[in-house]
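Fold and geometry: a report
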Amino acid sequence: MRRSGAGQTRRRGAALEEAILRAATDELAESGYAGLTMDKVAARAGTNKNAIYRRWPNRLTLGVAAYRRLATTTPPPDTGDLRGDVLELLRQANRYWSSPSGAILRELLAAAGGASELLAQLQGRSGDAAAAPWLTVLGRAVARGEASPEALHPRVATVAIVLLRNEFVMRGAPTAPDDVLVEIVDEVYLPLVRRRGPVPT
């Protein structure tokens, strides 16, 4: 860093990037993605838009980076029963997607469209890691004899959360009724993982 006019400290590198991200995160939390602008972030960070564009080429990439600082994770439930675990995972997800942070996530997912790299960043991790809590509860169920070992596949394990996500993203629901969660678990998920055959290679 160096001094620049009127005794102000001119930030560079990691310090400037942190200031921009912090400002973008605050703007996102206050106004959502719809209210996020490069002008507002620049003003809050005490920098200019060019400094932002050099690091994030557009508003969406900046919004995704800022959202990742808001996202939190919780350990997977362990109720001792596959149905209980899956329902609790869905209820946790439903509460989150219905929250202000979840609304931001839905806005970003809609804006990202088919941009797979940005979609992966929105999950905060790789596809395999995003499936981790589902594979954890499913692995416990396999050990208890509640599910087929062939069900231990990321695409199978995450079917329930994909169906819930569709309620929000495709149908525009502000929240999913609990009976929808129960239907996903009882009519789709449990029959699938209990009868699953070998996964094609």
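Residues numbered from 1 in each chain as written. Predicted model: local features only at pLDDT ≥ 70, side-chain atom pairs only at ≥ 80, totals over all residues. Heavy atoms only, no water.

Turning our attention to the overall build of the protein chain. Helix and strand counts for the protein chain stand at 12 helices and two strands. Here the protein chain holds 201 residues, and the buried ones make up 37% of them. (Helix = DSSP H or I, 4+ residues; strand = E, 2+ residues; numbered from the N terminus. Buried < 20%, exposed > 50% of the residue type's maximum accessible area, 1.4 Å probe, protein only.)

This part covers helix α4 (residues 59–70). Look at α4: 17 Å from first C-alpha to last across 12 residues, which is about the 16 Å you get at 1.5 Å a residue. Those residues of α4 not exposed but buried are Leu 60, Thr 61, Leu 62, Gly 63, Val 64, Ala 65, Ala 66 and Tyr 67. Between the side-chain oxygen at the start of α4 and the backbone nitrogen of Leu 60 there is a gap of 3.2 Å, and the oxygen is on Asn 58. (Expected span 1.5 Å × (residues − 1). Polar contact = N/O pair within 3.5 Å; in protein donor to acceptor, adjacent residues only side chain to side chain.)

On to the nonpolar core. Membership of the largest hydrophobic core comes to 56 residues, with the highest contact counts inside it found for Leu 90, Trp 134 and Leu 164. Excluding anything up to four places from it in sequence, Leu 164 contacts Leu 90, Ala 93, Asn 94, Ala 176, Leu 181 and Ile 184. (Core = buried A, V, L, I, M, F, W, Y, C linked by side-chain atoms within 4.5 Å. Contact = heavy atoms within 4.5 Å.)

With that settled, consider the confidence of the model for the protein chain. Summary statistics for the protein chain give a mean pLDDT of 85 and a share of 86% for residues scoring 70 or more. Per-element averaging of pLDDT across the protein chain places strand β1 (residues 2–4) at the bottom with 42 and helix α2 (residues 38–45) at the top with 96. Scored below 50 in pLDDT, residues 1–8 shows 11 contacts in the model against residues more than four places distant or in partner chains. (pLDDT = per-residue confidence, 0-100.)

Along the chain, Gly 46 falls in the loop between α2 and α3 (49–53). Spatially, the C-alpha atom of Gly 46 lies 8.4 Å from that of Ile 20, the residues being 26 residues apart in sequence.

A few words on α2. Where α2 is concerned, the buried positions are Met 38, Val 41, Ala 42 and Ala 45. Buried residues of α2 fall within an arc of 100 degrees about the axis and therefore sit on the same side. Residues of α2 that are buried sit in contact with α1 (13–31), α3 and α4. (Arc of directions from axis to C-beta.)

For the coordinates displayed, the defined rule picks out 11 salt bridges. In this structure, Arg 44 engages Glu 30 in a salt bridge whose closest nitrogen and oxygen atoms are separated by 2.8 Å. Highlighted residues: Arg 44 in helix α2 and Glu 30 in helix α1, separated in sequence by 14 residues. Of the residues examined, Arg 44 reaches a relative accessible area of 36% and is grouped as partly exposed. (Salt bridge = Lys/Arg side-chain N within 4 Å of Asp/Glu carboxyl O.)

Below, the discussion takes up the packing of aromatic side chains. Each aromatic ring pair is described using two quantities: the centre-to-centre distance and the angle formed by the ring planes. This model, assessed by the stated rule, comprises two aromatic pairs. Judged by centre distance (5.3 Å) and plane angle (45 degrees), the ring pair of Trp 97 and Phe 168 falls under tilted. Here Trp 97 is found in helix α5 (residues 82–97), whereas its partner Phe 168 is found in helix α11 (residues 159–169), with 71 residues between them in sequence. The residues Trp 97 and Phe 168 share a single accessibility class, namely buried. Sitting over the face of the ring of Tyr 33, Arg 59 holds its NZ or CZ atom 4.0 Å from the ring centroid. (Phe/Tyr/Trp six-rings, centres within 6.5 Å; stacked < 30°, edge-to-face > 60°. Lys NZ or Arg CZ within 6 Å of the ring centre and 35° of its normal.)

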